[in-house]
Amino acid sequence: MKDLSAGQTGRFEYESITPPNRHLYARQLLAGTTVATIPAELLMPKSIPKDTKVPAVVLSHGSGGVESNLYDVWAKELNAAGYAVLIADSYKPRGVVETNSNQELVPYPAHVADTMNALRMLVTHPQIDAARIFNIGFSRGGSTAFDTAWPTWSDPVNTSTVKFAGHVVFYPGNCNIRYRSDDREKTTAPILVLLADRELEEAQDVAVCRRWYDELIAKGNNIRYKEFKGARHAFDTLNFTYRVNPRTTSAKNCDMELYMTMKAGSGLGNNVYDFKKKRPMTTGAEFGLAVNECQAMVPGSRGGGDAKAIQAEAVRDTMEFLKGIQ
């Protein structure tokens, strides 16, 4: 489907891309990039008056794929509050069920491209307010919702100059290996990050996340973050206190970053540094080896929190954030 100008709702498909890696995607180089057809569902709030435009949210799923929290919590709450909700599946069209055990099964920029192309579709819908479309993401999708606020990651997809109006980032996975662009740009919209308890989060080092956000805030970026005490990864999900994900990859033992360069052929990036080993890196092979050494497979990684208290608090914080953006 090329657009939603006929006011389509429910299930549909749209076109996106599968870039082979972050650098080619960010530099808008199409070598090795393939087309992907993404299945999606647009859920509209009930009883919309004729000729009324409503705000919308694109939900970016995590490493487990399209899971129950997207419908049971977020579509339900957001529709009731008057928001349209678009849920897209980045895994099914690429023949993947989950990436918990191997994040390389789906190239990370494909998830970003799918989210930006979802925005591209929504702006064509006659009942969607193009100035009030938000991105909420969870875990790997939280990393996506964070990155879509930066021009380096949003600009490769043509959305007719429209950007997301705000970003809500749940327990993201991108803090410990950081692909940065804040040496030359700022976020295009406010970001709210909702973090698990640093003592209970097994997928990420929350202290490193907070340090990074403080750096970005000091540079003038509109970022707020909150740590939920007593909450594990996936604390927004209903109907369990915690769950176990067997064979989950974790970058919690990593602490490295690079500043992206946009020039073709410019290599890995600028100021590439491993903070754990206190040494710079200069080549892609060196960086890749360091990533492989610090990443670990966590048997029985636990997620979840108090489904009645923490999850409800997260919903309230999210709604207040969305409503505060005019």
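A. Seen up close, the overall build of the protein chain. Within the protein chain one finds 8 helices and 16 strands. Against the compact-globule benchmark of 20 Å for 326 residues, the protein chain has a radius of gyration of 19 Å, which places it among compact chains. Along the three orthogonal principal directions, the C-alpha set of the protein chain runs to about 60 × 45 × 40 Å. A sequence separation of at least 24 residues applies to 79% of the contacts in the protein chain between residues at least 6 apart.

B. Focus on the sheet that holds strand β7 (residues 177-180). In spatial order, the strands read β7-β12-β13-β14; together these 4 strands make up an open sheet with mixed pairing. The open sheet is flanked by β7 and β14 (279-280), the only strands paired with a single partner. Pairing between β7 and strand β12 (residues 256-259): 4 bridges, direction parallel. Bridge assignment links R178 to a residue of β12, and that residue is E257. Across the sheet, helix α7 (residues 284-294) touches β7, β12, β13 (270-274) and β14, and the angle it forms with β12 is around 150°.

C. Focus on the state of the cysteines. Throughout the structure, instances matching the rule amount to 2 disulfides. Paired by a disulfide, C175 and C209 hold their sulfur atoms 2.0 Å apart. Note on the C175 and C209 pair: the S-S dihedral is about 105°, so by sign convention the disulfide is right-handed. Taken as a pair, C175 in the loop between β6 (166-170) and β7 and C209 in helix α6 (residues 206-218) lie far apart in primary sequence, 34 residues in all. Residues C175 and C209 agree in their burial class; the two are buried. The partner cysteine of C254 in its disulfide is C294, sulfur to sulfur 1.9 Å. Where C254 bonds to C294 through sulfur, the torsion about that S-S bond is close to 95°, and the disulfide is right-handed. Within this pair, whereas C254 is found in the loop between β11 (248-250) and β12, its partner C294 is found in helix α7, the two being separated by 40 residues in sequence. Each of the two residues, C254 as well as C294, counts as buried. Counting only the cysteines that form disulfides, in the order they appear in the protein chain, gives the pairing 1-2, 3-4.

D. Representation of the nonpolar core. Core analysis: the largest hydrophobic core is formed by 58 residues, its most contacted members being L86, L122, F146, Y213 and F287. When residues of this core are assigned to their parent elements, the largest contribution, 8 residues, is made by helix α3 (residues 108-122). With 32 residues, the next largest nonpolar core counts L194, A196, A234 and L322 among its residues.

E. Here's a closer look at empty space enclosed by the protein. One pass over the structure, following the stated rule, counts 3 cavities of 30 Å³ or more. By volume, the largest cavity amounts to about 60 Å³. As for the largest cavity, its lining consists of F146, D147, W150, W153, Y179, R180, S181, D182, W212 and L216. Looking at the lining of the largest cavity, the elements with two or more residues in it are α4 (140-147), β7 and α6. For the lining of the largest cavity, the class distribution of residues is 6 nonpolar, 1 polar and 3 charged. If you add up the space inside the second largest cavity, you get close to 50 Å³. Along its surface, the second largest cavity is lined by Y14, V58, L59, S60, H61, A88, S90, H111, D114, T115 and A118. Put simply, the parts of the chain that give the lining of the second largest cavity at least two residues each are β3 (54-60) and α3. Among the elements that line the lining of the second largest cavity, the one with the most residues is α3, at 4 residues. Looking at side-chain class alone, the lining of the second largest cavity contains 5 nonpolar, 5 polar and 1 charged residues.

F. A look at the layout of surface pockets. In this structure, the second largest pocket spans a volume of roughly 200 Å³. Residue lining of the second largest pocket: R11, F12, E13, P39, A40, E41, V66, Y71, I87, A88, D89 and K92, and that is the complete set. Listed by contribution, the elements that provide at least two residues to the lining of the second largest pocket are β1 (10-18), β2 (34-43) and β4 (84-88). Across the lining of the second largest pocket, the residue classes break down as 7 nonpolar, no polar and 5 charged.

About the thresholds
- Residues numbered from 1 in each chain as written.
- Predicted model: local features only at pLDDT ≥ 70, side-chain atom pairs only at ≥ 80, totals over all residues.
- Heavy atoms only, no water.
- Helix = DSSP H or I, 4+ residues; strand = E, 2+ residues; numbered from the N terminus.
- Rg over C-alpha atoms; globule rule 2.2 N^0.38 Å.
- Contact = heavy atoms within 4.5 Å.
- Pairing = 2+ DSSP bridges.
- Axes fitted to C-alpha atoms, helices over the stretch in contact; angles between N-to-C directions.
- Disulfide = S-S within 2.5 Å.
- Buried < 20%, exposed > 50% of the residue type's maximum accessible area, 1.4 Å probe, protein only.
- Core = buried A, V, L, I, M, F, W, Y, C linked by side-chain atoms within 4.5 Å.
- 1 Å grid on protein atoms, 1.4 Å probe; cavity = no way out; pocket = protein on both sides within 12 Å on 5 of 7 lines; lining within 4 Å.
- Points joined across faces, edges and corners; volume = space filled by probe spheres on them.
- Nonpolar A, V, L, I, M, F, W, Y, C, P; charged D, E, K, R; others polar.

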